[in-house]
Amino acid sequence: ISDVNSLSVSFCKAPMQQIAWPESRSSLEGFNLGDVWQMPAFEDQSSTRDKYACFHKLSQWLTYSLLEPIQDAGFEIKGIEHMTGLAEYRNGGLFTDMGVLVPKNEAALSNSHDVTGTFVVEWRALTVGLLDRLAPIVRSKLGLSAEEYPLACVLQGGTWTAGRMTARKLRQDGGPPFQLISDGTVF
């Protein structure tokens with residue numbers, strides 16, 4: 001907290017990162033990592049810590065949900081620009097459904113994939129990267145700055161909503177473009 005009417009986004013996000021994750025999750029030095037997964041593409045990294053893709057989708061989503069009410073209460077939140085896109089099936093599904101992300105093997109979309117597996121971890125990592133590239137394009141088209149139209153707006157009013165609508169048009173259940181095997185703590 002820098003002053004009475006200003007909060008750091010990390011202050012808002014910190015409580016959500018204390019969520020009790022299942023014991024089956026990856027751990028590092030005895031610390032349960034939560035929504036963090038080994039990424040085979042990072043295997044050549046020298047540091048053990050650099051071999052993981054960190055998503056924290058649930059804590060990020062909860063933080064995004066709290067930003068507007070906290071701001072409406074009169075607080076300025078600093079550091080919102082450090083929040084990442086949400087690595088979840090609405091955003092990633094939109095990129096897949098629209099042909100932006102295409103699996104090397106088309107049969108992959110007919111299979112079920114565990115959220116801990118390489119296919120889903122890479123899909124989620126690419127989703128976050130694409131959201132970071134999409135946000136400035138959307139802002140430019142709208143003539144708005146990052147402060148006027150933060151990533152949270154791009155997600156809620158754009159990719160998440162479009163992902164949900166596109167999925168409903170393409171699949172009766174409105175679900176992701178492939179079946180996910182999950183315990184419910186990731187998606």
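Everything numeric here is computed off the predicted structure, so don't read it as measured data.

Okay, the pattern of salt bridges next. Two side chains carrying opposite charge are able to pair once their charged atoms lie near each other. Applying the stated criterion across every chain, the model contains two salt bridges. Salt-bridge contacts for arginine 124 lead to aspartate 35; the nearest nitrogen and oxygen are separated by 2.8 Å. Within this pair, whereas arginine 124 is found in helix α4 (residues 118–142), its partner aspartate 35 is found in the loop between β3 (31–32) and β4 (36–38), the two being separated by 89 residues in sequence. For arginine 124, a relative accessible area of 1% gives the class buried.

So, about the nonpolar core. Note that soluble globular proteins tend to have their nonpolar side chains buried in a common cluster. Of all hydrophobic cores here, the largest spans 27 residues; its most connected members are Phe55, Tyr64, Val121, Leu151 and Leu155. Where this core is concerned, the elements lending two or more residues are α2 (57–72), α4 and α5 (151–170). Top element by residues in this core is α4. It accounts for six residues.

With that settled, the discussion passes to the packing of helix α3 (residues 89–97) against α5. The geometry of α3 relative to α5 is characterised by a closest axis approach of 8 Å and an angle of 60° between their N-to-C directions. When the axes of α3 and α5 are compared, the pair comes out oblique. Between α3 and α5 lies a crossing whose hand is left-handed. Contacts between α3 and α5 involve Arg90, Asn91, Leu94 and Asp97 on the former and, on the latter, Leu155, Thr159, Trp160, Ala162, Gly163, Arg164, Thr166, Ala167 and Leu170.

The next thing to look at is the environment of threonine 185. Mapped onto the secondary structure, threonine 185 falls in the segment after β8 (179–181). Looking at threonine 185, the relative accessible area reads 23%, which means it is partly exposed. Residues threonine 185 and aspartate 35 lie 150 residues apart in sequence; the distance between their C-alpha atoms is 8.2 Å.

The largest bend in α5 comes to about 30°, at threonine 161. Within α5 the residues assigned to the buried category are Leu151, Val154, Leu155, Thr159, Thr161, Gly163, Thr166 and Ala167. Against the buried residues of α5 lie α2, α3 and α4.

Scanning all chains against the criterion turns up two aromatic pairs. Both rings, one in phenylalanine 119 and one in phenylalanine 178, keep their centres 5.0 Å apart while their planes meet at 75°; by these two values the pair is edge-to-face. Linking phenylalanine 119 in helix α4 with phenylalanine 178 in the loop between α5 and β8, this pair joins segments that are 59 residues apart in sequence. Exposure remark for phenylalanine 119: the relative accessible area of 25% places this residue in the partly exposed category. With a relative accessible area of 2%, phenylalanine 178 lands in the buried category. Measuring from centroid to centroid gives 4.7 Å for tryptophan 123 and phenylalanine 178, while their planes differ by 65°, and the two rings are edge-to-face. Of this pair, tryptophan 123 sits in helix α4 while phenylalanine 178 is found in the loop between α5 and β8, placing the two residues 55 residues apart along the sequence. Pairwise contacts between aromatic rings join Phe119, Trp123 and Phe178 into one cluster. Its end group placed over the ring of tryptophan 61, lysine 57 keeps NZ or CZ at 5.6 Å from the ring centre. One residue, arginine 90, lies across the ring of tryptophan 160, its end atom 5.8 Å from the ring centre.

Rules used in this analysis
Residues numbered from 1 in each chain as written. Predicted model: local features only at pLDDT ≥ 70, side-chain atom pairs only at ≥ 80, totals over all residues. Heavy atoms only, no water. Salt bridge = Lys/Arg side-chain N within 4 Å of Asp/Glu carboxyl O. Helix = DSSP H or I, 4+ residues; strand = E, 2+ residues; numbered from the N terminus. Buried < 20%, exposed > 50% of the residue type's maximum accessible area, 1.4 Å probe, protein only. Core = buried A, V, L, I, M, F, W, Y, C linked by side-chain atoms within 4.5 Å. Axes fitted to C-alpha atoms, helices over the stretch in contact; angles between N-to-C directions. Parallel < 35°, antiparallel > 145°, perpendicular 65-115°, else oblique. Left-handed = near helix turned anticlockwise from the far one by under 90°. Contact = heavy atoms within 4.5 Å. Bend = angle between axes of the 7 residues up to and from the residue. Phe/Tyr/Trp six-rings, centres within 6.5 Å; stacked < 30°, edge-to-face > 60°. Lys NZ or Arg CZ within 6 Å of the ring centre and 35° of its normal.

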